[in-house]
Amino acid sequence: MVDWEEISKTENEDKLREVKIWLFQENVRLQNERKELEELNRRILQERKRLKDENVFFDKKLEILQDGFRKLDEDRKALERQKRELARERTSYAQSQVKGIGGPVMEETARTLFRGINNPLALRKRYKDLVKIFHPDNLFGDEELAQLINREFIRRKKEEI
């Protein structure tokens with residue numbers, strides 16, 4: 001620590017010069033530290049602003065995700081309702097079937113597919129064409145309708161005999 005009273009009483013110029021130099025260096029050092037502190041303060045403010053912006057962005061993303069999950073939950077519930085309704089429809093359809101496969105509507109459809117066929121060659125050609133279309137191994141094939149087509153073909157073939 002510098003004793004200022006002793007220095008002020010001294011009339012030695014060398015001592016005063018040393019003190020002036022030291023004061024100047026100390027002043028420069030303090031200015032440099034002040035600049036460093038201002039720079040650090042500026043960086044801290046920038047970092048706080050960046051963090052605040054990131055928090056806002058994160059909150060928005062979180063809100064979007066929560067909204068998406070809410071919509072997914074609503075869709076899942078709607079799908080479950082549709083599954084239950086479909087199961088009820090299947091049950092009621094199965095109960096409404098009076099005959100085995102197909103029921104009256106499907107059998108009428110099979111009869112309609114063979115309508116206007118009067119000779120055995122046309123019957124066989126129509127049967128082959130229908131089987132190609134409705135065979136269960138095809139992309140849009142229907143096993144139930146294919147069985148009804150087989151049954152109708154056999155019935156009409158027996159009528160020819």
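Small disclaimer: the values here were computed from a predicted structure and weren't measured.

Engineer: Would you take a moment to explain the overall build of the protein for this structure?
Structural biologist: The number of helices and strands found in the protein is five helices and zero strands. When the 161 residues of the protein are sorted by exposure, 12% land in the buried category. When contacts within the protein are restricted to residue pairs at least 6 apart in sequence, those whose partners lie at least 24 apart make up 47%. Only carbon and sulfur atoms are counted for the fraction: they give 56% of the accessible area of the protein, which is about 14,200 Å².

Engineer: Hey, could you run me through a nonpolar patch on the surface in this one?
Structural biologist: Where nonpolar side chains cluster on the molecular surface, the patch consists of Leu37, Leu40 and Ile44 and spans about 280 Å² of accessible area. Looking at the secondary structure, you find leucine 37 in helix 2 (residues 13-96). Looking at leucine 37, the relative accessible area reads 56%, which means it is exposed.

Engineer: Please explain the side chain of glutamate 107 as it appears in this structure.
Structural biologist: Within the element layout of this structure, glutamate 107 appears in helix 3 (residues 103-113). Of the polar contacts made by the side chain of glutamate 107, one reaches the side chain of arginine 151; its length is 3.4 Å.

Engineer: When you look at the packing of aromatic side chains in this model, what are you seeing that I'm missing?
Structural biologist: One pair of aromatic rings is described through two measures. These are the centre distance and the angle between the planes. The tally for this structure, following the rule as stated, stands at one aromatic pair. Both rings, one in tyrosine 127 and one in phenylalanine 153, keep their centres 4.0 Å apart while their planes meet at 20°; by these two values the pair is stacked. Within this pair, whereas tyrosine 127 is found in helix 4 (residues 120-134), its partner phenylalanine 153 is found in helix 5 (residues 143-160), the two being separated by 26 residues in sequence. A relative accessible area of 10% means that phenylalanine 153 is categorised as buried.

Engineer: Can you walk me through a positive patch on the surface in this structure?
Structural biologist: Taken together, the side chains of Arg124, Lys128, Lys132 and Lys157 make up a positively charged region of the molecular surface. It is helix 4 that provides the largest number of residues to the positive patch, a total of three residues. In this structure, lysine 128 sits in helix 4.

Engineer: What should I look at first to understand the confidence of the model for the protein in this one?
Structural biologist: Caution applies to low-pLDDT regions: their predicted coordinates should not be interpreted in detail. Residues with a pLDDT of 70 or more make up 86% of the protein, whose mean pLDDT is 86. For the protein, helix 1 (residues 4-9) is the element with the lowest average pLDDT, namely 64, and helix 4 is the one with the highest, namely 92.

Engineer: Explain the pattern of salt bridges here, please?
Structural biologist: It is possible for side chains bearing opposite charge to pair when their charged atoms get close. Applying the stated criterion across every chain, the model contains 21 salt bridges. Ionic pairing is found between arginine 43 and glutamate 39, a salt bridge with its closest N-O pair at 3.3 Å. Taken together, the positions of arginine 43 and glutamate 39, both in helix 2 and four residues apart, correspond to about one turn of that helix. Residue classification places arginine 43 among the partly exposed positions, given a relative accessible area of 49%. Its salt-bridge partner being glutamate 152, residue arginine 155 comes within 2.4 Å of it at the nearest N-O pair. Taken together, the residues arginine 155 and glutamate 152, both in helix 5 and three residues apart, mark about one turn of the helix. Bridged by salt links that share partners, the residues Glu107, Glu108, Arg111, Arg115 and Arg151 form one connected network.

The rules we used
Residues numbered from 1 in each chain as written. Predicted model: local features only at pLDDT ≥ 70, side-chain atom pairs only at ≥ 80, totals over all residues. Heavy atoms only, no water. Helix = DSSP H or I, 4+ residues; strand = E, 2+ residues; numbered from the N terminus. Buried < 20%, exposed > 50% of the residue type's maximum accessible area, 1.4 Å probe, protein only. Contact = heavy atoms within 4.5 Å. Areas by Shrake-Rupley, 256 points an atom, 1.4 Å probe, with all protein chains shown as cover. Patch = residues over 30% accessible without salt bridge, like charges linked within 9 Å, V, L, I, M, F, W, Y side chains within 5 Å. Salt bridge = Lys/Arg side-chain N within 4 Å of Asp/Glu carboxyl O. Polar contact = N/O pair within 3.5 Å; in protein donor to acceptor, adjacent residues only side chain to side chain. Phe/Tyr/Trp six-rings, centres within 6.5 Å; stacked < 30°, edge-to-face > 60°. Lys, Arg positive; Asp, Glu negative; His and termini not counted. Charge placed at Lys NZ, Arg CZ, Asp CG, Glu CD. pLDDT = per-residue confidence, 0-100.

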